[in-house]
Amino acid sequence: MGDPAARPRHTLDLDGFARLLRELVIDGYQLVGPTVRDGAIVHAEIAGIDDLPAGWTARQEAGTYRLERRGDRALFGYAVGPQSWKQQFFVPRLRLFQIRRRAGSLEVEPEPLPATRLALIGARSCDLHAIEIQDRTFLNGPFVDADYAARRRDVFVVAVQCGQAGGTCFCVSMNTGPRSEAGFDLALTELVEPHRFVVEIGSERGRAVLDRVAHAAATAQDVDTADAIVAETARSMGRVMETTRIKELLYANAEHPRWDDVASRCLGCTNCTLACPTCFCGSVEDTSDVAGETAERWRRWDSCFTLDHSYLHGGSVRATLRSRYRQWLTHKLASWIDQFGVSGCVGCGRCITWCPVGIDLTEEVRAIRATSVDEGASA
Amino acid sequence: MTPRELLARHPFAHGLSEVQLDRLAACARSARFGEGEVIFRDGRPATALYLIVDGRVVLEQHVPARGSLQLENLAAGDLLGLSWLFPGGHWILDARAVEPTETLVLDAECVRTVMREDPVLGLALATHVIHALYQRLERVRLQRLDIYGAGA
Amino acid sequence: MTSSMHPEPARVVARHEEAADVVTLTLATSPARALRPGQFNMLYAFGVGEVPLSTSGDPARGDLAVHTIRAVGAVTRALCRARPDDVLGVRGPYGTPWPLEALTGADLLVVAGGLGLAPLRSAVYQALAGRSSYGRIRVLVGARSPADILFRAELEGWQRRHDVDVLVTVDHAEASWQGHVGVVTALLSRLDLGPATAALVCGPEVMMRFTVRELGRRGIADDRMFLAMERNMKCALGFCGHCQLGPSFVCRDGPVIRCDRLGSWLWLKEG
């Protein structure tokens, strides 16, 4: 769609945005977007603009998330909450098939593929990068996950350019934001007084939907204001991750004493892997009915922090929290690069916010770098 | 071949000069053991060391109610016997020839004297012994891990 | 290769007890699913679960899937109870095979520890079928005790051949055992290993580490050693994340991995 900075921009007022959402529903999309529930801003199926967290924000720090009221009625005035878009495509629980023993054979009854078309409302740059990264796992290898592929098909994305940093996020360090450059049909930057959105078009499909609601060409001043907002977000990141030669650093420091240090704090609660938008581990469960005639296979989310994860021959390869934390961080920031050509971390900060003891991976990396065994890697 | 010629070919004497070989060979004689013949017994005084030239020897331990348990084979090139290093040592295992086995037997007191009187030779031999000990230890460690237990 | 998690029915045509808790099952399959030595199937015991199992069979028999199974958990115990005419679930083939085609001309050194002989038996079948393509073929087998030696009849058959050397050793034995006693790496010091040597190694990871170390001391380069690695597997498709060993997915970058590609990951102390 050409150079992002040169894209023509449009303005949509609040009413126009509400209409846009209605048009998506008319087109058969199921809207999924942020809403306040259980003390957080989560992703859920929403009916329209009224479900969005108008006037809410969240204060985030390591191990801390507090909903707070804003002074205005901004709809997207917060950084990412506990949920990414991961559970829309890589669903937490999935029946893979049913299977029956019949006439000396086995009959598999496959699951029908899902047909819902999703419209993601308010997707942030870090999370759009995360979706692309997860696509590499489930779509771009030698095998394709059919359920994931079906859910990913025909997704409409209304992105939001972040209006503030979140306290724990560091997308700038990971080169994943705060501005979305691609992966959306429409991208909005929210302005208040008056309440409106500066819109960038990311696809023909986005243009077509926008054309059905009243909108105007954006004024130069609005475009500048929008750009300034995003620039300010970029300047106020809560964390920094030094990524220079990070793969070599972690590969070389498998015996660094910092692993013992973090292991003494880590509870193995798996919150980080649940919240992380790129974690993809899943486990498989085979069940049977009491009569032993019908069995099922399910897939569910799993975490490398569980003792079971590395179970082999009557024991776990990674029996200690030390080895499990080391595995998670080394995989996320180093091995991922060898596997998928990109870091597994998008700097969303969720693992920092949602860790009950406030472990901060940027701090862990900094500590390892400070006394790295490999001088070249610590450069 | 004479004991000295056999000695010159054995790894235990690797790197020794002609003079040093002469000194060591003075302690050596050939000994042959038939299949099944006992070379030394657990508990007896360790008065000699054996350099295996050819054949195969098994180290065994007799365990009450279980009989003789075979622990390790040694063969050509190996040093048989370590308990001779210090005066008054006793064998801690049985050694039995599994096949017809040709050895060089070196009198332990003679070797210990040579090592004392010729420190350079003494160091060379001690190094060989340490090397053999190290290799043996590594194998014994691996053996002791019982890696083929459940799940292997 | 299908991206599916669905097992297909496979009838057990033969069952052979190899040792106390080790059974070899032969299943009827189709040549389209034929396993190359080193590759594995996911075998499903109805309602219980699935496990990855390497082929231990002759690759020339593409219509049969042969798997040697040790009963160590719920699924393997259920599989070991299977009798002829029982129907199990199978999906595959998965994984990387022993690179026998690329090793023509080499002196093959097969080093098997315990159950590791199962995937290597398949490799030896293939090598013997194309015997003239290889130099020396030497098979070293380590087992816990004489009663635990797998495929004894097979090994004795190979021992009788003039074009294969077979050496078997046990960790400990009673007096009646006439063969070697000691670790399998001790057998290596008895062999002369020239530059044409390529090693195929499979067994407990500790044994593989000792073997790699000993072979390295004897001058065998890392890119001439191939190890069959093992990790927990759930999907065999590279999705579930369980089988990762460093950056490698054992289900798809392995199980057979060249030693230089394993690199320091072979030595990483997990625990």
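Residues numbered from 1 in each chain as written. Chains lettered and ligands numbered in written order. Predicted model: local features only at pLDDT ≥ 70, side-chain atom pairs only at ≥ 80, totals over all residues.

Let us now look at the overall build of chain A. In terms of regular secondary structure, chain A is built from 14 helices and 16 strands. For 379 residues, the compact-globule estimate of 2.2 N^0.38 gives 21 Å, and the C-alpha radius of gyration of chain A, at 22 Å, lies within 12% of that figure. Expressed along its principal axes, the backbone C-alpha trace of chain A runs to roughly 65 × 65 × 40 Å. Considering chain A as a whole, with its 379 residues, one finds that 46% of them fall into the buried category. A separation threshold of at least 6 residues defines the contact pool for chain A, and within that pool the share at least 24 residues apart is 72%. (Helix = DSSP H or I, 4+ residues; strand = E, 2+ residues; numbered from the N terminus. Rg over C-alpha atoms; globule rule 2.2 N^0.38 Å. Buried ≥ 20, exposed ≤ 12 C-beta atoms within 10 Å, placed from the backbone. Contact = placed C-beta atoms within 7 Å.)

Looking only at helices and strands, chain C has six helices and 16 strands in total. Relative to the 2.2 N^0.38 estimate, which gives 18 Å for 271 residues, the radius of gyration of chain C is 18 Å and therefore close to what a compact globule would have. Dimensions of chain C, computed from C-alpha atoms along their principal axes, come out at roughly 50 × 45 × 40 Å. In chain C, which comprises 271 residues, the share counted as buried stands at 55%. Restricting to contacts in chain C with at least 6 residues of sequence separation, those with at least 24 account for 70%.

Moving on: the environment of L142 of chain B. For L142 of chain B, the location among the structural elements is in helix α4 (residues 119–144). For L142 of chain B, the contacting residues outside a window of four places in its chain are V183, T185 and F210 of chain C.

Bringing the interface of chain A and chain C into the picture now. How big an interface is tends to be stated in terms of accessible area lost as the parts join. Opposite the 43 residues of chain A that make contact, chain C presents 31 residues. Secondary-structure elements contributing two or more residues to the side of chain A that touches chain C are β6 (93–102), β7 (105–110), α3 (125–138), β13 (282–288), β14 (294–301), β15 (311–312) and α11 (321–340) of chain A. Taken together, the residues that form the side of chain A that touches chain C break down as 20 nonpolar, 17 polar and six charged. (Nonpolar A, V, L, I, M, F, W, Y, C, P; charged D, E, K, R; others polar.)

A separate point is the sheet that holds strand β16 (residues 256–258) of chain C. Residue and element names in this part refer to chain C. Read from one edge to the other, the open sheet built from seven strands follows the order β11-β9-β8-β7-β12-β13-β16, with strand pairing classed as mixed. Two strands in the sheet have a free side with no partner beyond their single neighbour: β11 (180–181) and β16. Judged from the three bridges that link them, strand β13 (residues 225–228) and β16 form a sheet pairing that is antiparallel. By the bridge assignment, F226 is partnered in β16 with R258. Helix-sheet contacts for helix α3 (residues 152–160) involve β8 (137–143) and β9 (165–170), and the interaxial angle to β9 is about 140 degrees. (Pairing = 2+ DSSP bridges. Axes fitted to C-alpha atoms, helices over the stretch in contact; angles between N-to-C directions.)

The next thing to look at is the nonpolar core. Counting 130 residues, the largest nonpolar core has A119, L120, A123 and V158 of chain A as the members making the most contacts within it. Excluding its chain neighbours within four sequence positions, the residues that come into contact with A119 of chain A are L24, Y29, Q30, L31, V32, F156 and V158 of chain A. (Core = buried A, V, L, I, M, F, W, Y, C linked by C-beta atoms within 7 Å.)

The subject of this paragraph is helix α5 (residues 205–217) of chain C. All names here are of chain C. Look at α5: 18 Å from first C-alpha to last across 13 residues, which is about the 18 Å you get at 1.5 Å a residue. Within the span of α5, buried status applies to M207, M208, F210, T211, V212, E214 and L215. Positive backbone phi, at 95 degrees, marks G219, one or two positions downstream of α5. (Expected span 1.5 Å × (residues − 1).)

All names here are of chain C. Among the six residues that make up strand β3 (residues 40–45), six are buried, leaving the element largely enclosed by the rest of the structure. Every second residue of β3 is oriented toward a common face, with F40, M42 and Y44 on one face and N41, L43 and A45 on the other, all of them buried. The pairing of β3 with strand β6 (residues 87–94) spans four bridges and is antiparallel. Its bridge partner being in β6, F40 is matched across the sheet by Y94. As paired elements, β3 and strand β4 (residues 49–54) share six bridges and run antiparallel to each other. Bridge pairing in β4 links Y44 to E50.

Below, the discussion takes up the sheet that holds β7 of chain A. All names here are of chain A. Spatially, β7-β6-β14-β13 is the arrangement adopted by the four strands of the open sheet, whose pairing is antiparallel. At either end of the open sheet lies a strand with only one pairing partner, and these are β7 and β13. Strand-to-strand twist of the sheet, defined as the mean angle between neighbouring strand axes without regard to direction, takes the value 25 degrees. When β13 meets β14, the two strands line up antiparallel, connected through seven bridges. Counted as the bridge partner of D286 is R297 from β14.

Now for the domain arrangement of chain A. Residue and element names in this part refer to chain A. Domain assignment breaks chain A into domain 1 (4–93 + 103–235) and domain 2 (246–378). For domain 1 versus domain 2, the separation of C-alpha centres amounts to 27 Å. Taken residue by residue, the interface counts 29 residues in domain 1 and 26 residues in domain 2. The leading source of residues in the side of domain 1 that touches domain 2 is α3, at eight residues. (Domains from an automatic or database assignment.)

A separate point is unusual backbone geometry. Cis geometry is found at the peptide bond from G92 of chain C to P93 of chain C, where omega equals -5 degrees. Relative to the assigned elements, P93 of chain C resides in strand β6. In this structure, D154 of chain A takes a positive phi of about 65 degrees despite not being glycine. Relative to the helices and strands, D154 of chain A resides in the loop between α4 (146–152) and β9 (156–160). Classification of D154 of chain A by C-beta neighbours within 10 Å gives partly exposed; the count is 14. Positive phi values are uncommon outside glycine, yet N175 of chain A reaches one of about 65 degrees. Classification of N175 of chain A by C-beta neighbours within 10 Å gives exposed; the count is 12.

Turning next to the packing of helix α3 (residues 108–117) of chain B against α4 of chain B. All names here are of chain B. One way to put it is that α3 packs onto α4 with a least axis distance of 5 Å and a crossing angle of 125 degrees. The orientation of α3 with respect to α4, classified from their angle, is oblique. Contacts between α3 and α4 involve V114, M115 and R116 on the former and, on the latter, L121, G122, L125 and A126. A class-by-class count of the residues in the contact of α3 with α4 yields five nonpolar, one polar and one charged. (Parallel < 35°, antiparallel > 145°, perpendicular 65-115°, else oblique.)

Here we take up the domain arrangement of chain C. Residue and element names in this part refer to chain C. Each domain of chain C was delimited in the assignment, giving domain 1 (8–94) and domain 2 (100–228). Measuring from the centre of the C-alpha atoms in domain 1 to the corresponding centre in domain 2 gives 24 Å. Listed per partner, the contact involves 14 residues of domain 1 and 15 residues of domain 2. Those elements that place two or more of their residues in the side of domain 1 that touches domain 2 are β1 (8–19) and β5 (64–70). Residue classes in the side of domain 1 that touches domain 2 are distributed as five nonpolar, six polar and three charged.

All names here are of chain A. Counting through the fold element by element, I337 comes out in helix α11. When the C-alpha positions of I337 and I246 are compared, they lie 9.9 Å apart, and in sequence the two are 91 residues distant. Those residues in contact with I337 that lie beyond four places of it in its chain are K247, V342 and S343.

Further remarks concern the pairing of β14 of chain A. All names here are of chain A. As paired elements, β6 and β14 share seven bridges and run antiparallel to each other. Along β14, the bridge assignment pairs F97 with R297. If you look at the hairpin formed by β13 and β14, you'll find five residues sitting between the two strands, and G292 has a positive phi there, around 75 degrees.

Residues and elements named next belong to chain C. Looking at where D253 falls in the secondary structure, it is placed in the loop between β15 (248–249) and β16. The spatial distance from the C-alpha of D253 to the C-alpha of E18 is 30 Å, given a sequence separation of 235 residues. Excluding residues within four positions of it along the chain, D253 makes contact with T96 and S248.

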